[in-house]
Amino acid sequence: MTMTQTSKDVVLAFISAMDRGDAEAAARCLDPEAVTVAKGFGKLSGERRYDTIVGTIGAFRELMPEGMNPVIHSVTAEEDRVAVEFEGHARLANGEPYCNQYCMVFTLRGGRIVHVNEYYCTILADAAIGPLLEARAEALPWS
């Protein structure tokens, strides 16, 4: 198996863990120095470090009890980087649909994710997920 294929497998395992809200599985894909940067200017934009990344993925189980249901459109890998374009088709805990489009660019080191640039519609995320986060602020890792 090539390094490129191994990197793709790690990234797809991470996205699968996000889908299920499986923090332990996500943690196995991450380097302890991992950082994600949600690009944009919304309330959910910004940088998150390892503990917050893992905690956030665990919170997905509460926010999206039926999963994110990602539909992968493309996976491109070169050297230590993997780019994934996908759509999420979730139903939020309040029963509302949440369908967003994503492009995530992962950088790996030693077979683990060390950096992620996340691109998605922050306006939609703020409008749909923001009220749920505010209602649960005391229980979520980024509060």
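Scoring rules and cut-offs
Residues numbered from 1 in each chain as written. Predicted model: local features only at pLDDT ≥ 70, side-chain atom pairs only at ≥ 80, totals over all residues. Heavy atoms only, no water. Pairing = 2+ DSSP bridges. Helix = DSSP H or I, 4+ residues; strand = E, 2+ residues; numbered from the N terminus. Buried < 20%, exposed > 50% of the residue type's maximum accessible area, 1.4 Å probe, protein only. Core = buried A, V, L, I, M, F, W, Y, C linked by side-chain atoms within 4.5 Å. Contact = heavy atoms within 4.5 Å. Salt bridge = Lys/Arg side-chain N within 4 Å of Asp/Glu carboxyl O.

Per an unreviewed UniProt entry, the protein goes by Nuclear transport factor 2 family protein and derives from Novosphingobium beihaiensis.

(A) Examining the pairing of strand β5 (residues 97-109) more closely. In terms of strand pairing, strand β4 (residues 81-91) meets β5 through 11 bridges, oriented antiparallel. Paired with V82 across the two strands is F106, which belongs to β5. In this structure, the hairpin formed by β4 and β5 is closed by a connection of 5 residues, where G95 is found at a positive phi of approximately 90 degrees. Here β5 pairs with strand β6 (residues 112-120) via 8 bridges, running antiparallel.

(B) Main features of unusual backbone geometry. We note that N69 has phi near 55 degrees; this positive angle belongs to a residue other than glycine. With respect to the element layout, N69 can be found in the loop between α3 (50-63) and β3 (70-78). In this structure, E79 is a non-glycine residue whose phi angle is positive, near 50 degrees. Its place among the elements puts E79 in the loop between β3 and β4. For E79, a relative accessible area of 58% gives the class exposed.

(C) Representation of the nonpolar core. Core analysis: the biggest nonpolar cluster contains 40 residues, and V11, F14, M64, Y98, F106, I113 and I129 have the highest contact counts within it. Secondary structure elements with two or more residues in this core: α1 (3-20), α2 (23-29), β1 (30-38), α3, β4, β5, β6 and α4 (122-135). Sequence-distant contacts of M64, defined by excluding residues within four places in its chain, comprise A90, R91, L92, Y98 and I129.

(D) Quick peek at the pattern of salt bridges. Within this structure, the stated rule accounts for 3 salt bridges. Among the ionic pairs, R20 bridges to D22, the shortest N-O distance being 3.2 Å. Here R49 and E47 are joined by a salt bridge, their closest N and O atoms 3.1 Å apart.

(E) Expanded view of the pairing of β1. Across the 9 residues that make up β1, a large majority, 7, are buried. The pairing of β1 with β6 spans 5 bridges and is parallel. What sits directly across from A38, in β6, is E118. Where β1 and strand β2 (residues 46-49) come together, 4 bridges link them in antiparallel fashion. Residue pairing across strands places T36 opposite R48, the latter belonging to β2.

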